[in-house]
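# Structure at a glance
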Amino acid sequence: TLSISFATRRSRGRNYDAELQRCGLEAALVDFGDYHPLKPIMVTDTKTRRGTRKGSTSSSSSSSSSAPPDPLSSMLDGTDPLSMFAAASASETPDLGRRKREKEEEAVGPDFEPWSLKRGEILARFTTTEKLSINLFMGSDRGKATSQGSAVSEKVRTRLEELDDLEEGSQRELLNLSQQDYANRIEELNQSLKEAWSSDQKVKALKIVIQCSKLLSDTSVIQFYPSKFVLITDILDTFGRLVYDRIWTMCSDPRPLPDNFTVEDVNDTAKETCLNWFYKIASIRELLPRLYVEAAILKCNRFLNKSAIQETLPRLTAMIRGIGDPLVAAYARAYLCRVGMEVAPHLKDSLNRNFFDLLGTFRQISSENVRAQLVLQMVEMPEYLTLYSPAISWILQCIAYRAPESLLTEMMERCKKLGNNALLLNSVMRAFRPEFVAARATDFIGMIKDCDEAGFPKHLLFGSLGRSLASADPPESERLTILNEAWKVITKVRSPQDYINCAEIWVEFTCRHFTKREVNTILADIIKHMTPDRAFEDAYPQLQTVIPVQSVELHFQFLLFSVLQERFLPFLDMFQKDSVRVEVCKSIMEVFIKHQVELTRDPVILNAMLHICKTMHDSVNALTLEDEKRSLALLIIGFIRMVSFGRDFEQQLSFCVEARATFCNLEPVLVQLIHTVNQLAMETRRVMRGNHSRKTAAFVRACAAYSFITIPSLSSIFSRLSLYLLSGQVALANQCLSQADAFLKAAVSILPEVPRSISVEGKLRSSESFLLDFINSFLATLLVIPDHPEHGVLYLVRGLLNMVQDYTWEDNSDAKVRVYISALPLLAAMSQETYLYSIPKVDSNETLYGGDPKFLSEINKLCETLIGQILDHLKTLGRDESTRRQGALAFSLFGVLLAHSDLRNNKLSQLAVNLWNLSHKHGYCETRTSVRTLEFIKHQTQQPDMAHLSDMVQRLTLQSRT
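Residue positions are given per chain, counted from 1 along the sequence in the order it is written. Local features in this predicted model are restricted to residues of pLDDT 70 or higher, and side-chain atom pairs are both shown and tallied only at a pLDDT of 80 or more, whereas totals for entire chains, interfaces and linings draw on every residue. Side-chain numbers here rest on the full set of heavy atoms in the structure, without hydrogens or water.

Going by the annotation in an unreviewed UniProt entry, the name recorded for the chain is VPS35 endosomal protein-sorting factor-like, with Oreochromis niloticus given as the source organism.

## Looking at the overall build of the chain
The condition that has to hold: Runs of E in the DSSP output that reach at least two residues are strands. Runs of H or I that reach at least four are helices, and both are numbered from the N terminus. Under the scheme applied here, a residue whose accessible area is under 20% of the maximum for its type counts as buried, over 50% as exposed, and between as partly exposed, the area being computed with a 1.4 Å probe on protein chains only. Contact criterion: two residues are considered in contact whenever any of their non-hydrogen atoms come within 4.5 Å of each other. The accessible surface values rely on the Shrake-Rupley method and a 1.4 Å probe; as for residues, cover is taken only from the protein chains in view.
Along its length, the chain carries 45 helices and four strands. Across the 962 residues that make up the chain, the buried fraction comes to 47%. Within the chain, counting contacts between residues at least 6 apart in sequence, those at least 24 apart form 74% of the total. As presented, the chain carries roughly 50,200 Å² of accessible surface, and 50% of it is formed by carbon and sulfur atoms.

## Some details on the packing of aromatic side chains
We apply this condition: Under the pairing criterion, centres of Phe, Tyr and Trp rings, with the six-membered ring standing for Trp, must be within 6.5 Å; the plane angle then separates stacked pairs below 30 degrees from edge-to-face pairs above 60, leaving the rest tilted.
Applying the stated criterion across every chain yields a total of 32 aromatic pairs. Centre to centre, the rings of Tyr 225 and Tyr 331 are 5.5 Å apart; their planes meet at 65°, and the pair counts as edge-to-face. Of the two residues, Tyr 225 is situated in helix H9 (residues 225–251) and Tyr 331 in helix H13 (residues 326–343); the sequence distance between them amounts to 106 residues. Tyr 331 carries the same exposure label as Tyr 225, and that label is buried. Seen from their ring centres, Phe 261 and Phe 303 are 5.3 Å apart, and the 15° between their planes marks the pair as stacked. A residue pair is termed long-range when its members are at least 10 positions apart, and Phe 261 in the loop between H9 and helix H10 (268–282) and Phe 303 in the loop between helix H11 (287–296) and helix H12 (308–319) qualify at 42 residues. Across the pair, exposure class does not vary: Phe 261 and Phe 303 are buried alike. Site record: aromatic cluster; members linked through ring pairs are Phe 112, Trp 115, Tyr 225, Phe 229, Tyr 292, Tyr 331, Tyr 335, Trp 394 and Tyr 401.

## As for the nonpolar core
In plain terms, the rule: Joining through side-chain atoms within 4.5 Å is the link that ties buried Ala, Val, Leu, Ile, Met, Phe, Trp, Tyr and Cys residues into a set, and such a set is a nonpolar core.
One finds Phe 239, Phe 303, Tyr 384, Phe 444, Leu 465 and Trp 506 to be the most contacted residues of the largest nonpolar core, which totals 148 residues. When neighbours within four sequence positions are excluded, Phe 444 is seen to be in contact with Leu 408, Met 412, Leu 425, Val 428, Met 429, Val 437 and Leu 465. One finds Val 582, Ala 659, Ala 747 and Leu 874 within the second-largest nonpolar core, a separate group that totals 134 residues.

## Concerning helix H18 (residues 405–417)
Rule in force here: By this rule the span expected of a helix is its residue count minus one, scaled by 1.5 Å. When we speak of the arc, we mean the arc of directions from the helix axis to the C-beta atoms.
The terminal C-alpha atoms of H18, which comprises 13 residues, lie 19 Å apart, in line with the 18 Å expected from a rise of 1.5 Å per residue. For H18, every residue scored as buried is listed here: Leu 407, Leu 408, Met 411, Met 412 and Cys 415. Along H18, the residues classed as buried sweep out an arc of 140° about the axis, all on the same side. In the core, the buried residues of H18 are packed alongside helix H14 (348–360), helix H17 (389–400), helix H19 (422–431), helix H20 (434–439) and helix H21 (441–449). Following H18 by one or two positions, Gly 419 adopts a phi angle in the positive range, close to 75°.

## Things to note about the environment of Gln 869
Looking at where Gln 869 falls in the secondary structure, it is placed in helix H41 (residues 853–879). The exposure class assigned to Gln 869 is partly exposed, which follows from its relative accessible area of 33%. As a C-alpha pair, Gln 869 and Ile 821 span 48 residues in sequence and 9.9 Å in three-dimensional space.

## Description of helix H38 (residues 795–806)
End to end, H38 covers 16 Å across twelve residues, agreeing with the expected 16 Å (1.5 Å per residue, within 8%). Looking at H38, one finds that the buried residues are Tyr 795, Leu 796, Val 797, Leu 800, Leu 801 and Val 804. Next to the buried residues of H38 lie helix H36 (737–749), helix H37 (768–782), helix H39 (815–830) and H41.

## Structural notes on the packing of helix H8 (residues 202–215) against H9
When two helices pack together, you describe them by how their axes are tilted relative to each other and by the distance separating the axes. This is how it is decided: A fitted line through C-alpha atoms represents every axis, and for helices the fit uses only the stretch in contact; the resulting angles, taken between N-to-C directions, go from 0 to 180 degrees. Convention used here: angles under 35 degrees read as roughly parallel, angles over 145 as roughly antiparallel, angles from 65 to 115 as roughly perpendicular, and any remaining angle as oblique. Handedness of a helix crossing follows the sense of rotation of the near helix relative to the far helix, less than a right angle counterclockwise being left-handed and clockwise being right-handed.
The N-to-C vectors of H8 and H9 enclose an angle of 155°; their axes lie 9 Å apart at closest approach. In terms of orientation, H8 and H9 fall into the roughly antiparallel class. Note that H8 runs across H9; the crossing there is left-handed. Packed against H8, whose contacting residues are Lys 202, Leu 206, Val 209, Cys 212, Ser 213 and Leu 215, the element H9 presents Lys 228, Ile 232, Ile 235, Leu 236, Phe 239 and Arg 246 at the interface.

## A closer look at empty space enclosed by the protein
Quick reminder of the rule: The pocket and cavity definitions rest on a 1 Å grid over protein atoms only: a 1.4 Å probe that fits but cannot leave marks a cavity, an open set with protein on both sides within 12 Å along at least five of seven lines marks a pocket, and residues lining either have an atom within 4 Å of a point. Grid points are joined across faces, edges and corners, and a volume is the space filled by probe spheres set on the points. Put simply, Ala, Val, Leu, Ile, Met, Phe, Trp, Tyr, Cys and Pro go in the nonpolar bin, Asp, Glu, Lys and Arg in the charged bin, and everything else, Gly too, in the polar bin.
Counted under the stated rule, the structure contains eight cavities of 30 Å³ or more. Roughly 60 Å³ of volume is contained in the second largest cavity. If you trace the second largest cavity, you find it lined by Asn 678, Ala 681, Val 700, Cys 703, Ala 704, Ser 707, Ser 727, Val 730, Ala 731, Asn 734, Cys 736 and Phe 743. Among the elements of the structure, helix H33 (667–688), helix H34 (694–710) and helix H35 (717–733) are those that each provide at least two residues to the lining of the second largest cavity. Ranked by the residues each element gives to the lining of the second largest cavity, the list is headed by H34, at four residues. Grouping the amino acids of the lining of the second largest cavity by side-chain chemistry returns eight nonpolar, four polar and no charged.

## A look at the packing of H12 against H14
As a packed pair, H12 and H14 sit with axes 10 Å apart at the nearest point and diverge in direction by 5°. Taken together, the axes of H12 and H14 are roughly parallel relative to one another. Facing H12, whose interface residues are Leu 313, Pro 314 and Thr 317, H14 presents Ser 350, Arg 353, Asn 354 and Asp 357. Per-class residue counts for the contact of H12 with H14 are two nonpolar, three polar and two charged.

## Remarks on the pattern of salt bridges
Our working rule: Whenever a carboxyl oxygen of Asp or Glu lies within 4 Å of a side-chain nitrogen of Lys or Arg, that contact is scored as a salt bridge.
Per the stated rule, a full pass over the model turns up 26 salt bridges. Glu 113 is paired through a salt bridge with Lys 118; the nearest N and O atoms lie 3.5 Å apart. Judged by relative accessible area, which is 35%, Glu 113 ranks as partly exposed. Under the relative-accessibility criterion, Lys 118 is labelled buried at 16%. Between Asp 200 and Lys 202 there is a salt bridge, with its nearest N and O atoms 2.5 Å apart. Residue Lys 202 is classed as buried on the basis of its relative accessible area of 12%. If you follow the salt bridges from partner to partner, you end up with Arg 321, Arg 333 and Asp 357 in one network.

## Some remarks on the pairing of strand S3 (residues 757–760)
Under the convention used in this document: Strands were regarded as paired on the criterion that DSSP finds at least two bridges between them.
Two elements, S3 and strand S4 (residues 763–766), share four bridges in a ladder whose sense is antiparallel. From the neighbouring strand, Ser 757 faces S4, where its bridge partner is Ser 766. Between S3 and the antiparallel strand that follows it, S4, lie two residues; Glu 761 among them carries a positive phi value of about 55°.

Here it is, written out as structure tokens:
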């Protein structure tokens, strides 16, 4: 039976200082001698002596003789595994080390931009609306007629006849294809190649490759030629891989072939097969397909001869001289360079010869045949020259890769001999390292001036030069001259699109090296060019770069410098499209938050950033997704955290007032503003060391008023509850008792509004655990809250418990009783003569009542009511057969009585024993917890004032489930 009649005082007196001292760890003196586990150990390189016992080392050990042996070292037989690796590395033969170094030098590193990255750019850039044609291979069954018993010579003759089929009408021409249809047909041929290969129709596969290679001689739709080259060389690459993998597989039987194999590792069958492929390709009559197909399997030369690749590259380079069309020849050289960089990047002589041959064909570009072809296809010379750009850029990239600076000087001299060919000059500036180009920026400007603008516009050349200067700085004395010469050309460009493409490159250079005057001039010029006819609407990507948001990661001062300009906000206003405008603002804020290390109060920066944040905030509407709102709020919060007016607290509060009005639609921002104001009040308290003057007292009350006005505008009930509690604690710390009282009363008043379930990360969850956490925090605060003289004793505690009583809890929930159990330690703490904690300069109830018997009587009555409610609930659970819940609650109440009640009272002691027995009655109590609890009670009985627990502990028994 659970019952109790209450005596005068139920809670035991506590001496918190003495209890804290008893709970501290005991200090003990330990004599380690010369050994200490943290003593540094000197490791020396020693060798194990033969004949010594396991683990012994030389006498030159660095550790003390009295030190115990290291268990890890004893397992190593005296040898450190890292030392073993070092010794093995040192014992490598010089030959092997040299070969490794040569391999590292020959390999293409990650700083080399691969062809795969350029592929998509070329396909997107070189398009056409003209109709295209293609010849499709129609297959032949002649090869299948040969019986297995045929002679070898007949088989070879048959295969040669099959190769001739291509020239005897075994193809079908498809006309009037769109660009997408053409790409689809090429992909079909690629799949046909793989299917033919997998079905062991090697000759058919070769025919497909030859046919595709022939397509590269067709320039009837010349604008599409670079994209055609990309599509068809994909098929050639596939063919080259298939042939190489087949021969590799033939060499890998019975053991796999190593990556760094030599000719001696290749068996005769593989060599014969490899030679057979080269003989087949040599029988191709036309130059272009023979050249491309042999280049595709260039890597297979490794199976035949160590120097075969070195001998083949110059021969293929010379073969290209027989191609009459300069555009076709340029791309053939690009493909040869591409294959050469994959298989032999160290053979730079062949690559250089390839390029110098290309220079020799430049005069053909302006020949009558080429001009007639351009007139026929209605293509202008500037557009025609851009078709060469991918090929020449790739060739120069291969040549310039890790090339010395002297090679750039040689290239510049050759450009001058060719009359400063603009196309070549542009490719040279893009290919070589930016440091090399920047050091010669003035020389390049002189060469650009002498170029003929008819074929290749000068602003494109200045754009290429600007890209190099964005990555490397030119000599300081030349920077102003470089900017003036470049901008003279750029500002004269009439096309808004061409203008902004070039101007965006030079903005960063200007911001990095010049003053506000130059930056304002350039921003004004951009606004002037892009505003007429709303040209900015077609140039949003370029204008986003001007802000900038791409390269600013490396130069944060660039963004900050831009923001400080008077033309910055007018420039930002050119982004009229809302989605683009918001993205630009987000990008600016991301960079600002990431790189702004110091807090700022600069009015120009604050004005610009407020404008940007307001733009983001105003984009929020009813259709905005929650993720987008959260993203925008985080950026604005990041900006708010960067703002600090130092000791000018009133200015900081004024900023928060303005921000509240500006960002009223984003709840996380309002929450941050409340935290900022609370922090401001605590900072004021720190500065005044808790002794507020009349002025600072009024200021902290203004901070409390700000929070009190702002919190009700929040929609999240738990945000309001936690902020009411936090703001009340801040007000109390600043001795604003009436404000603290108002905050806590407001928190209690909205408890009935807490829903039974809330959405957490898109899922509905019970709000009970969140509510219990809040109430426990609230109870802890109530200890230091003094009673209001007009509202009676413990009015806040009673108000909270009344709200808990009236709240609609979930069915089969013990939450209300758990709140009652949590309130008992608070009431016990309130009855002490000295409280566990207090607020400086704030008189708690311990001072107001001074242990008055009437006050203690009120506490006891409240305890009696709460314990009565708890016991009634335990009886109800017993009737409902909810024994597990009953046992858990009984054990919780037992713990509270053990810690806080005066168990010298026989009836309280009996109640505690009854609760213990009830919690263990059905065996649901965790045994480990019960054992540790008993050990704690036994330990407590050793204290002078706790001897009475020895009688009770005799009556506490453990019961098993059985």
